[in-house]
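# Survey of secondary and tertiary structure
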Amino acid sequence: WDRWRGGLENSRTRLNLSGHLFDRDLTYLFQPGFGWLDPNAISNSPLLRIGARYWDAWVKYRISDEWSAKLGVFMLPFSRESLVSDSRQLAVDRTLLDYRTGLGRSQGIQFTWHRDNMRIFMSTSNGGLTLRGNQAGSTNPTPPWAALGQDTDWSGTLRAEFLMKGNWNQFNQFTSPPGSEQAEMFGVAIHSQNEERLGTGSTKVDALGITADYSLNLDGASFFTSGTFHNIKNFTSSTQNTDMIAYVIQGSKYISETTELFVRYSAGGVIQDTFGGANIQILTSGANWYIEGQQFKITSDLGWNFGELQGIFANQMLGWRGSPNRNAEWVFRTQLQVEF
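Residues numbered from 1 in each chain as written. Predicted model: local features only at pLDDT ≥ 70, side-chain atom pairs only at ≥ 80, totals over all residues. Heavy atoms only, no water.

The full count for this structure, using the stated rule, is 12 salt bridges. Arginine 12 is paired through a salt bridge with aspartate 93; the nearest N and O atoms lie 3.0 Å apart. Residue arginine 12 is located in strand β1 (residues 12-14), and its partner aspartate 93 is located in the loop between α1 (80-83) and α2 (98-101); the two are separated by 81 residues in the primary sequence. Overall, arginine 12 belongs to the partly exposed group, its relative accessible area being 24%. A salt bridge links arginine 14 to aspartate 86; the nearest nitrogen and oxygen atoms lie 2.8 Å apart. Remark: aspartate 86 occurs in the loop between α1 and α2 and arginine 14 occurs in strand β1; sequence separation between them is 72 residues. Taken together, the salt bridges that share partners define one network made up of Arg12, Arg14, Asp86, Asp93 and Arg94. (Salt bridge = Lys/Arg side-chain N within 4 Å of Asp/Glu carboxyl O. Helix = DSSP H or I, 4+ residues; strand = E, 2+ residues; numbered from the N terminus. Buried < 20%, exposed > 50% of the residue type's maximum accessible area, 1.4 Å probe, protein only.)

Moving on, we get to the environment of arginine 100. Within the secondary structure layout, arginine 100 lies in helix α2. Spatially, the C-alpha atoms of arginine 100 and glycine 19 are 32 Å apart, while their sequence positions differ by 81 residues.

What follows covers the environment of methionine 185. Among the structural elements, methionine 185 can be located in strand β9 (residues 183-195). Methionine 185 sits 52 residues away from glycine 133 along the chain, and the two C-alpha atoms are 31 Å apart. Leave out the neighbours within four places in its chain, and methionine 185 touches Arg80, Arg159, Glu161, Phe162, Met164, Trp168, Phe171, Asp213, Tyr214 and Ser215. (Contact = heavy atoms within 4.5 Å.)

Attention shifts here to the packing of aromatic side chains. With the rule as written, the count across this model stands at 6 aromatic pairs. Here phenylalanine 174 and phenylalanine 224 contribute two aromatic rings whose centre-to-centre distance is 5.0 Å and whose plane-to-plane angle is 55°, an arrangement assigned as tilted. One end of the pair, phenylalanine 174, is in the loop between β8 (152-165) and β9; the other, phenylalanine 224, is in strand β11 (residues 221-236), and 50 residues separate them in sequence. Ring geometry for tyrosine 254 versus tyrosine 290: centroids 5.8 Å apart, planes at 20°, classification stacked. You can see tyrosine 254 sitting in strand β12 (residues 239-254) and its partner tyrosine 290 sitting in strand β14 (residues 280-294), a full 36 residues away along the chain. The pair formed by tyrosine 254 and tyrosine 290 is uniform in burial state, with each residue classed as buried. Lying across the ring of tryptophan 58, lysine 70 places its NZ or CZ 4.9 Å from the centre. (Phe/Tyr/Trp six-rings, centres within 6.5 Å; stacked < 30°, edge-to-face > 60°. Lys NZ or Arg CZ within 6 Å of the ring centre and 35° of its normal.)

So this is what it looks like as structure tokens:
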């Protein structure tokens, strides 16, 4: 194939419709627009292209001061990278590994319990799309899916977050602008899902994963790190047991009121040699120019993979094409973000 490839694209164009219905205890979010139909890089997807779609679409009801319930399509409460909005990342996008070890969006119901310094998210859904345990997602990677479609027998996700300093709103983004107070948070999550059988005697994909993360915001600087592990049964027809790992270390520092430098290191992959081993080692560095805060900003970054990138991790939306048996694939990106 071509050694060099470049171009222009609108990765995400969406309209955010949100508010409350009847009273302020019942809220909603609906996000139609255009974007990659398969952002989680499912191999051989028939929808590996940009088209009309929507992202989150849910209604949430506040049951009491401590409890709320959400129903619809939403990001499963697993990795913090996934839970921070696309528009509030430090780099142009999340790490390559989060698009496989994060769970992506699904449809289901989520209960949230929160107090001043702790909150817990409990979700049951159609399962994580990125773990290949949802057959409906292999033919249509954009939820919603039909209730009687081939997905999971059951799926559950549990995440707990502990606020040690600051306030929760500070962790809706990865940056920490000058003048911010110190904030500190620790999170841990577990996910398990069990796929429906495809037919008599067929194998099914079962998965169990755990992740933990630590976030620190300072006056004009931020730090984030996380680690994730998944064990997947029958990830492919020829592999009965697959172990997948990912870890991230990320930091940023403002050099002026509107300019921020950042660096991020992510590594991992599938441990087994069948998939080439856990050889992904991507160092990403870049800068944000906040012309009008998050509403109007320019982000540029350069990512360099010191290891090999197997085909199952290739992601066209992120620019990573896969480079088995070769090192030193690199990607340069610049993004303009406008919100109004």
